[in-house]
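# Observations on the model geometry
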Amino acid sequence: MIRYITIFLLICFYLFPVQSDAQRIFYTEPVTNDVRNMNFEIIGRVKGNIHILKNVKNKYNLSVYNDSMILLDKKNMDFISSKAFNIDYVTYPDFFYLVYQYQRKRILYCMGVKIDGNGNMLDQPMVLDTTEINLFADNKIYSVVNSEDKKHIAIFKLLKKNDHLNFTTLLFDSKLTKVGRSNFILPFNDRTDVYNNFQLDNDGNIVFVRSSTAGSSESIDDLQILVKSPLADTLVSRDVDLEKYYLDDIKLKVDNTNKHYVVNSFYNKQKRGNIEGVFSLVLNKQLDSILVKNYLYLDDEIRALAKQDATNKTAFNNYFIKNIIVKKDGGFIIIAEDFYTQVSGANNWNRWNNLYSPYYNPYNYYYDPFYRSMYNYNQRSNTKYIYNNIMTISYNNSGQAEWSRIIERQQFDADTDNFLSFINFNTSGQIHFFYNLLERKKQLLTDYSITPDGTVTRNPTFKMMAEGYEFMPQYGKQVSSRQIVLPCVYHNNVICFAKIDY
């Protein structure tokens, strides 16, 4: 009898193999031309294929990969000028738009083109807007945002003129048909004012933030939220009373489900003072009602976990908010990272000296919060980059903190931070954090996850980790509900890409 049971089990094993939840990693083949100083942008999954835009020596091409990251086609993007910049994209299930700009003499051109799932142009590039500028003026004036449901696309431009900004918005539908254009004059002091966090909600409203400091390299003491509705030629604004507190790096997130705008920042009690806690603000889309306004003090318990080499008092002085995740019930989660630099022969790192400079920001934000430049290997020499702990705080829909967690981590590198930091993404109700961890002189891709109740788990080490690949998690992108694409450097020489099925 036992013999027959054994035979039956063996048959079942071969006919119905056990399904494993282990991750699968697919790598692209190394290509000699994809050198490590190549620029790239992971477009995402379009009609089942993975699209990656590459720029080598100012020549653009689009690589199209199948689900196993085998190269299907390589399309030369000859229509993109070698002098193009600020290339943006908006993806749909079967196609995507590329929006780019270039300058010819004194005219800036903002162009758009539609690409299908095989990398073919569906239409000829079309002019979306033009601007005449002075020959030596800043020419990177166009930015692109899209709504979460992709039904609205907005292109806006900011032109500085004396003590104000000319702010122009162009609204398009999902067919890239223009449905509205508006022009505004915004007051601007280039020493104290910053306009950023431009976002587009599912109703076609452009929302953004104006913040002002008391002086150069000071903390923010004035905050204003502004909204431009789709067809209106006026701006609705809401001044926020900061109650004698000071803010620093403002982050805004659209909550389309609940029709809210969520704003978060670290705060302090005096100019350039130590970080005390987290400021949270939730407004309705009409800006006529503040639903949440909260200053969460970070107590000694979490400071002891977060501080690394700092004291309790200075524990959060190197933390920056990197992401906000909104919940279906109106709550939200903030994710922050401990980051700083050390420059040979320079004074010690100072959060406030660097935070408001247009030339330096830990997450490349100025005017517009979206990371626009493609990856570039060349960074600041004689600089040591340090990335430490990750903090996560969950809030309920009343703005009260439910739990806070610290993921302990130590990372550093010289002259580049391309292999540092992390990427977070969601799968099955969990937030995953991918980052490199040095173990036995090897960089291992590490996965921590946090559940909705705050349970932190270090997941098993990735299988199928091929030798010679070093990942760059912070430049990765989630391309589906359980898939993520990460760039990597192969044998310290060429750039490849890895797709992880989770």
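None of these values were measured; they are calculated from a predicted model. (Residues numbered from 1 in each chain as written. Predicted model: local features only at pLDDT ≥ 70, side-chain atom pairs only at ≥ 80, totals over all residues. Heavy atoms only, no water.)

Further remarks concern the overall build of the chain. Helix and strand counts for the chain stand at three helices and 35 strands. Here the chain, with 502 residues, has 53% of them falling under the buried criterion. Looking at the chain alone, contacts between residues at least 24 apart form 52% of all its contacts between residues at least 6 apart. Accessible area of the chain: about 23800 Å², with a carbon and sulfur share of 48%. (Helix = DSSP H or I, 4+ residues; strand = E, 2+ residues; numbered from the N terminus. Buried < 20%, exposed > 50% of the residue type's maximum accessible area, 1.4 Å probe, protein only. Contact = heavy atoms within 4.5 Å. Areas by Shrake-Rupley, 256 points an atom, 1.4 Å probe, with all protein chains shown as cover.)

On the basis of which strands lie adjacent, the open sheet formed by four strands has the order 28-29-30-31 and antiparallel pairing. The open sheet has two edge strands, strand 28 (423-427) and strand 31 (456-458), and neither has a second partner. Strand after strand, the sheet turns through a mean of 30° between neighbouring axes, direction not considered. As defined by bridge partners, strand 30 (residues 442-450) adjoins strand 31 across three bridges and the pair is classed as antiparallel. The residue of strand 31 that forms the bridge with serine 449 is threonine 457. (Pairing = 2+ DSSP bridges. Axes fitted to C-alpha atoms, helices over the stretch in contact; angles between N-to-C directions.)

Within the structure shown, the criterion is met by 19 salt bridges. Across the pair lysine 285 and aspartate 201 runs a salt bridge whose closest N-O atoms are separated by 3.4 Å. Here aspartate 201 lies in the loop between strand 14 (193-200) and strand 15 (206-213) and lysine 285 lies in the loop between strand 21 (277-284) and strand 22 (290-297), a separation of 84 residues in the sequence. In this structure lysine 285 comes out as buried when scored by relative accessible area, which is 8%. Take aspartate 201: its relative accessible area is 0%, and that puts it in the buried class. The partner of lysine 251 in a salt bridge is aspartate 249, with the nearest N and O atoms 2.6 Å apart. Of the two residues examined, lysine 251 and aspartate 249, each falls in the buried class. It is possible to trace a salt-bridge network through shared partners that takes in Arg24, Arg45, Asp67, Lys499 and Asp501. (Salt bridge = Lys/Arg side-chain N within 4 Å of Asp/Glu carboxyl O.)

On to the environment of asparagine 118. Positionally, asparagine 118 belongs in the loop between strand 8 (107-116) and strand 9 (126-132). Between the alpha carbons of asparagine 118 and asparagine 66 there is a distance of 10.0 Å; along the sequence they are 52 residues apart. Beyond its immediate sequence surroundings of up to four residues, asparagine 118 is in contact with Asn49, His51, Val64 and Lys75.

Right, let's talk about the sheet that holds strand 4 (residues 59-65) for a bit. In space, the four strands of this open sheet follow the order 2-3-4-5, with antiparallel pairing throughout. On the outer flanks of this sheet lie strand 2 (39-46) and strand 5 (71-76), each paired with one strand and no other. The sheet shows a mean angle of 20° between the axes of neighbouring strands, direction not considered. Direction of pairing for strand 3 (residues 49-56) relative to strand 4: antiparallel, over a ladder of seven bridges. Among the inter-strand pairings, leucine 53 is bridged to a residue of strand 4, identified as leucine 62.

Backbone geometry at lysine 57 places phi at a positive 55°, although glycine is not the residue there. Checked against the element boundaries, lysine 57 lands in the loop between strand 3 and strand 4. Taking the relative accessible area as the measure of exposure, lysine 57 reaches 78% and is therefore exposed. Its identity is not glycine, yet asparagine 58 carries a phi of approximately 65°, on the positive side. Relative to the elements of secondary structure, asparagine 58 occurs in the loop between strand 3 and strand 4.

We now examine the confidence of the model for the chain. When pLDDT is averaged across the chain, the result is 88; 88% of the residues are at 70 or more. Taken together, the stretch residues 1-20 has pLDDT below 50 and engages in one contact with residues farther than four places along the chain or on a different chain. Here residues 356-373 is a poorly scored stretch, pLDDT under 50, and it has 52 contacts once near neighbours within four places are set aside; other chains count. (pLDDT = per-residue confidence, 0-100.)

On to the packing of aromatic side chains, then. Using the criterion set out here, one finds 30 aromatic pairs in the structure. Taking the centre distance of 4.3 Å and the plane angle of 35° together, the rings of tyrosine 27 and tyrosine 469 count as tilted. Placement of tyrosine 27 in strand 1 (residues 24-27) and of tyrosine 469 in strand 32 (residues 469-471) is noted, with a sequence separation of 442 residues between them. We classify tyrosine 469 as buried; its relative accessible area is 14%. Aromatic pair phenylalanine 188 and tyrosine 195: ring centres 6.5 Å apart, planes at 40°, arrangement tilted. Among the residues examined, tyrosine 195 registers a relative accessible area of 1% and is labelled buried. Each member of the aromatic cluster is reached from another via a ring pair, and the members are Phe156, Phe167, Phe184, Phe188, Tyr195, Phe198 and Phe208. (Phe/Tyr/Trp six-rings, centres within 6.5 Å; stacked < 30°, edge-to-face > 60°.)

A separate point is the pairing of strand 23 (residues 319-326). Pairing analysis gives seven bridges linking strand 23 to strand 24 (residues 332-343), with the strands arranged antiparallel. Its bridge partner lying in strand 24, phenylalanine 320 is registered against glutamate 337. Counting the residues in the hairpin turn of strand 23 and strand 24 gives five residues, including glycine 330, whose phi is positive at 100°.

By secondary structure assignment, the location of aspartate 501 is in strand 35 (residues 494-501). Overall, the relative accessible area of 9% leaves aspartate 501 in the buried class. Within the structure, aspartate 501 has its side chain in polar contact with the side chain of lysine 499 (distance 2.6 Å). Excluding anything up to four places from it in sequence, aspartate 501 contacts Gln23, Arg24, Phe26, Arg482 and Gln483. (Polar contact = N/O pair within 3.5 Å; in protein donor to acceptor, adjacent residues only side chain to side chain.)

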